[in-house]
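Summary of structural features
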Amino acid sequence: MSSAAGPDPSEAPEERHFLSTAEAAALERELLEDYRFGRQQLVELCGHASAVAVTKAFPLPALSRKQRTVLVVCGPEQNGAVGLVCARHLRVFEYEPTIFYPTRSLDLLHRDLTTQCEKMDIPFLSYLPTELINEAYGLVVDAVLGPGVEPGEVGGPCTRALATLKLLSIPLVSLDIPSGWDAETGSDSEDGLRPDVLVSLAAPKRCAGRFSGRHHFVAGRFVPDDVRRKFALRLPGYTGTDCVAAL
Amino acid sequence: MSRLRALLGLGLLVAGSRVPRIKSQTIACRSGPTWWGPQRLNSGGRWDSEVMASTVVKYLSQEEAQAVDQELFNEYQFSVDQLMELAGLSCATAIAKAYPPTSMSRSPPTVLVICGPGNNGGDGLVCARHLKLFGYEPTIYYPKRPNKPLFTALVTQCQKMDIPFLGEMPAEPMTIDELYELVVDAIFGFSFKGDVREPFHSILSVLKGLTVPIASIDIPSGAGIQKVGWGRLGPYPPDSCPHQV
């Protein structure tokens, strides 16, 4: 077996519902290094599953034309990449996504994901229409900050975007963790959001214990059973071929 | 409302990123509904059977299929890994809908996935992995493996998930019928041309003698996709292995 970090074997193998930031990173490392998953693969599965979670929380047939418009706010790190994939699948699912991606990562993965969205005619905003956001969109997807990314790292435009997202009157869906929350404690920083829906990627992070919105989903069904057991993780039962499970 | 949206459209879009829509009359599948969404998925990705029955599905020729692929790679900058993952996941989903675990005799149901030497085989590797997550017990036969990182990584993912790889193909159809409840044919895809070389010729002969169902990824292997009349391995209903992009 690999020597990747995991829980202390002398501890009782009681199954937990959440991962710490360090454990989430270790789990990802195991998938990438031992299982030879590609980062692009995992980001694609997470983004696709996030879009499916949005369709479960806000099913298309029940939405008016305006309500189908989704603003996806993407940061420059992995969380943002997941947001770009999510937007593309929302388009395939016949929602009308628009993307705000002010601080662009230069890495190839982000650039290709951006191209895919552009080619599918998903508009990219040049600035965030603060006063009009509640009128123009039916819901917002927060894909700005993931676990372990400091708000200070992502630059002014993202920080200002988060300030706008705090004042929404339309529903907010956060991917993995509400941007600005401390991934461990869930304590509200200045930029803390209160999302209606939390979509935990692969497994809930510890801060999800403080989530009090309407729906909490786990999305991204790719954690092999051995890895799940190694991290003493109890995941909700996925039914059939679903890639999303409600908690 | 529409004035507001027009205002947003004029003032806020990043003009440089607007790529002119490609005028490609040769890619016939782009006429009519946009090609990436010919089938309607309602929430949760479940099939709306009424919509499916009334939607006219276009079948692609080999040239058209290859052209779609090229456009996805060259214009849309999709990677092979990305599309293969989506393809394999969609196939596993389709197979699980056609043959749900509750309808099978064994628990978990046993499935033999036969992977060919190219991308169709790669789709099969991804499909096997997702079938395992869906509660099936897949076994893989993968006799000719390309020496490329994409494929070696997919093999590692399956091996690490304890999906066995057979050392040789069972010689008798009856053996397969006894051990497996379903066979997934991921041998050849739409790029296939020419004669079937060994070991695949023998493999296809064995598959023709099976009584258990076969699910073929993309096309029944060995069938020229321009021709009709492909015997035991098909045809299968169009929704048996859709590609969802």
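Worth saying up front: this structure is predicted, and the values here are computed from it rather than measured.

Conventions we followed
Residues numbered from 1 in each chain as written. Chains lettered and ligands numbered in written order. Predicted model: local features only at pLDDT ≥ 70, side-chain atom pairs only at ≥ 80, totals over all residues. Heavy atoms only, no water. Core = buried A, V, L, I, M, F, W, Y, C linked by side-chain atoms within 4.5 Å. Buried < 20%, exposed > 50% of the residue type's maximum accessible area, 1.4 Å probe, protein only. Helix = DSSP H or I, 4+ residues; strand = E, 2+ residues; numbered from the N terminus. Contact = heavy atoms within 4.5 Å. Salt bridge = Lys/Arg side-chain N within 4 Å of Asp/Glu carboxyl O. Expected span 1.5 Å × (residues − 1). Pairing = 2+ DSSP bridges. Axes fitted to C-alpha atoms, helices over the stretch in contact; angles between N-to-C directions. Patch = residues over 30% accessible without salt bridge, like charges linked within 9 Å, V, L, I, M, F, W, Y side chains within 5 Å. Areas by Shrake-Rupley, 256 points an atom, 1.4 Å probe, with all protein chains shown as cover. Lys, Arg positive; Asp, Glu negative; His and termini not counted. Charge placed at Lys NZ, Arg CZ, Asp CG, Glu CD. pLDDT = per-residue confidence, 0-100. Phe/Tyr/Trp six-rings, centres within 6.5 Å; stacked < 30°, edge-to-face > 60°.

1. A word on the nonpolar core
- Counting residues in each nonpolar core, the largest one holds 101 residues, and the members touching the most others are Ile 99 and Val 173 of chain A together with Ile 140 of chain B.
- The element contributing the most residues to this core is helix 2 (residues 39-57) of chain A, with 10 residues.
- Every residue in contact with Val 173 of chain A, bar those within four places of it in the chain, is listed here: Val 54, Phe 58, Leu 139, Val 140, Val 141, Asp 142, Val 197 and Val 199 of chain A.
- By size, the runner-up hydrophobic cluster in this structure holds 21 residues, among which are Val 73, Cys 158, Ile 170 and Leu 172 of chain A.

2. What to know about the pattern of salt bridges
Residues and elements named next belong to chain A.
- Taken as a whole and judged by the stated rule, the model has 14 salt bridges over all chains.
- Ionic pairing is found between Glu 44 and Arg 88, a salt bridge with its closest N-O pair at 2.9 Å. You can see Glu 44 sitting in helix 2 and its partner Arg 88 sitting in helix 3 (residues 78-92), a full 44 residues away along the chain. Like Glu 44, the residue Arg 88 is buried in the burial classification.
- Of the charged contacts, one joins Arg 206 and Glu 184 as a salt bridge, the two residues approaching to 3.0 Å between their closest N and O atoms. One end of the pair, Arg 206, is in the loop between strand 6 (197-201) and strand 7 (215-219); the other, Glu 184, is in the loop between strand 5 (172-175) and strand 6, and 22 residues separate them in sequence.
- Note on Glu 184: relative accessible area 27%, which makes it partly exposed.
- Salt bridges sharing common partners tie together Asp 225, Asp 226, Arg 228 and Arg 229.

3. Topic: the environment of Cys 46 of chain A
All names here are of chain A.
- Along the chain, Cys 46 falls in helix 2.
- The class for Cys 46 is buried, based on a relative accessible area of 8%.
- Sequence separation between Cys 46 and Val 82 is 36 residues, and the spatial gap between their C-alpha atoms is 6.3 Å.
- Those residues in contact with Cys 46 that sit more than four places away from it in its chain are Val 82, Leu 201 and Phe 222.

4. Quick notes on helix 3 (residues 62-74) of chain B
Residue and element names in this part refer to chain B.
- Between the first and last C-alpha of helix 3 there are 18 Å, a value that for 13 residues agrees with the 18 Å anticipated at 1.5 Å per step.
- Among the residues making up helix 3, those that are buried are Gln 62, Glu 64, Ala 65, Val 68, Glu 71, Leu 72 and Phe 73.
- Contacts made by the buried residues of helix 3 are with helix 4 (80-98).

5. Some thoughts on the sheet that holds strand 4 (residues 214-216) of chain B
Residue and element names in this part refer to chain B.
- Judged by pairing direction, the sheet is parallel, and its 4 strands sit side by side in the order 2-1-3-4 without closing on themselves. With partners counted over all chains shown, the strands left at the sheet margins are strand 2 (137-141) and strand 4, one partner each. Taking each pair of neighbouring strands and ignoring which way they run, the sheet shows an average axis angle of 20°.
- Direction of pairing for strand 1 (residues 110-115) relative to strand 2: parallel, over a ladder of 5 bridges. Counterpart to Ile 114 in the pairing with strand 2 is Tyr 141.

6. Some words on a negative patch on the surface
- Taken together, Glu 77, Glu 150, Glu 153 and Asp 182 of chain A make up a surface patch of like negative charges.
- For Glu 153 of chain A, the position within the fold is in the loop between strand 4 (139-143) and helix 6 (156-165).

7. Section: the confidence of the model for chain B
Residues and elements named next belong to chain B.
- Looking at chain B as a whole, the pLDDT averages 76, with 68% of positions reaching at least 70.
- Counting interchain partners and residues more than four positions distant, the pLDDT-below-50 stretch residues 1-53 has 83 contacts.
- Per-residue pLDDT stays below 50 along residues 225-245; that stretch engages in 52 contacts with residues further than four places along the chain or on separate chains.

8. Concerning the packing of aromatic side chains
All names here are of chain B.
- Here the structure, examined in full by the defined rule, presents 4 aromatic pairs over all chains.
- Measuring from ring centre to ring centre gives 4.3 Å for Phe 188 and Phe 192, while their planes differ by 20°; the resulting arrangement is stacked. No difference in accessibility class separates Phe 188 from Phe 192, as the two residues are buried.
- Aromatic side chains Phe 188 and Phe 200 sit 5.5 Å apart centroid to centroid with 65° between the ring planes, which places their arrangement in the edge-to-face category. Linking Phe 188 in the loop between strand 3 (182-186) and helix 8 (200-208) with Phe 200 in helix 8, this pair joins segments that are 12 residues apart in sequence. Neither residue differs from the other here; Phe 188 and Phe 200 are each classed as buried.
- Clustering of aromatic rings is evident, with ring pairs tying together Phe 188, Phe 192 and Phe 200.

9. Examining the sheet that holds strand 1 (residues 69-74) of chain A
All names here are of chain A.
- If you walk across this open sheet you meet the 8 strands as 3-2-1-4-5-6-7-8, and the pairing is mixed. Looking at the sheet topology across the chains shown, the edges are occupied by strand 3 (124-125) and strand 8 (244-246).
- Direction of pairing for strand 2 (residues 96-100) relative to strand 3: parallel, over a ladder of 2 bridges. The residue bridging Ile 99 from the neighbouring strand is Phe 124, located in strand 3.
- Sitting on the sheet, helix 2 is in contact with strand 4, strand 5, strand 6, strand 7 and strand 8, with an inclination near 150° to strand 7.

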